[in-house]
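This is what each chain is made of:
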Amino acid sequence: MKTKILILSLFVSIVSISLWKSQNPEKIDDLILCNAEALAIQEGKEPIYCIGVGSVDCPMGGKVKKVVIGYSLELF
């Protein structure tokens, strides 16, 4: 008899918690949204490195020896 009451109370608890969670969805914190926006701002912008003096047009202006666009380990 005690096990039936324990199982029934456990079942009722699980159902009530499930219903409560479905009616109260978790809200995303404003700080998380601000961080996501800050990270998204940098998408699409690649760094540009203009190295040396030469005859190649640099997108930032002037003539340089080499232009590296994006992330690269070969700067020189």
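Residues numbered from 1 in each chain as written. Predicted model: local features only at pLDDT ≥ 70, side-chain atom pairs only at ≥ 80, totals over all residues. Heavy atoms only, no water.

### A closer look at the overall build of the chain
Selection rule: Each helix corresponds to a stretch of at least 4 residues labelled H or I by DSSP, and each strand to a stretch of at least 2 residues labelled E; elements are numbered beginning at the N terminus. Summary of the burial criterion: residues with accessible area below 20% of their type's maximum are buried, those above 50% are exposed, and those between are partly exposed, where the area comes from a 1.4 Å probe applied to protein chains only. Any two residues whose heavy atoms approach within 4.5 Å at even a single point are treated as in contact. Per-residue accessibility takes into account occlusion by the displayed protein chains alone, with areas from the Shrake-Rupley method and a 1.4 Å probe.
If you tally the helices and strands in the chain, you get two helices and two strands. Listing every helix and strand of the chain by position from the N terminus yields α-α-β-β. By residue count, 7% of the 76 residues in the chain fall in the buried class. Sequence separation of at least 24 residues holds for 9% of the intrachain contacts in the chain that already meet a minimum separation of 6. Carbon and sulfur atoms make up 66% of the accessible area of the chain, which totals about 7200 Å².

### Thoughts on helix α1 (residues 2-23)
Selection criterion: Multiplying 1.5 Å by the residue count of a helix minus one yields the expected span of that helix.
Between its first and last C-alpha, α1 extends 32 Å over 22 residues, near the 32 Å set by a 1.5 Å rise per residue. Burial analysis of α1 places just zero of its 22 residues in the buried class, a small minority of the element.

### Re the pairing of strand β1 (residues 48-57)
As a reminder, the rule being used: Note on pairing: two strands pair once DSSP finds at least 2 bridges between them.
Where β1 lies against strand β2 (residues 63-69), six bridges are found, and the strand directions are antiparallel. For Tyr-49, the partnering residue across the bridge sits in β2 and is Val-68. Counting the residues in the hairpin turn of β1 and β2 gives five residues, including Gly-61, whose phi is positive at 115 degrees.

Treat this as a map of the structure, not an account of what it does.
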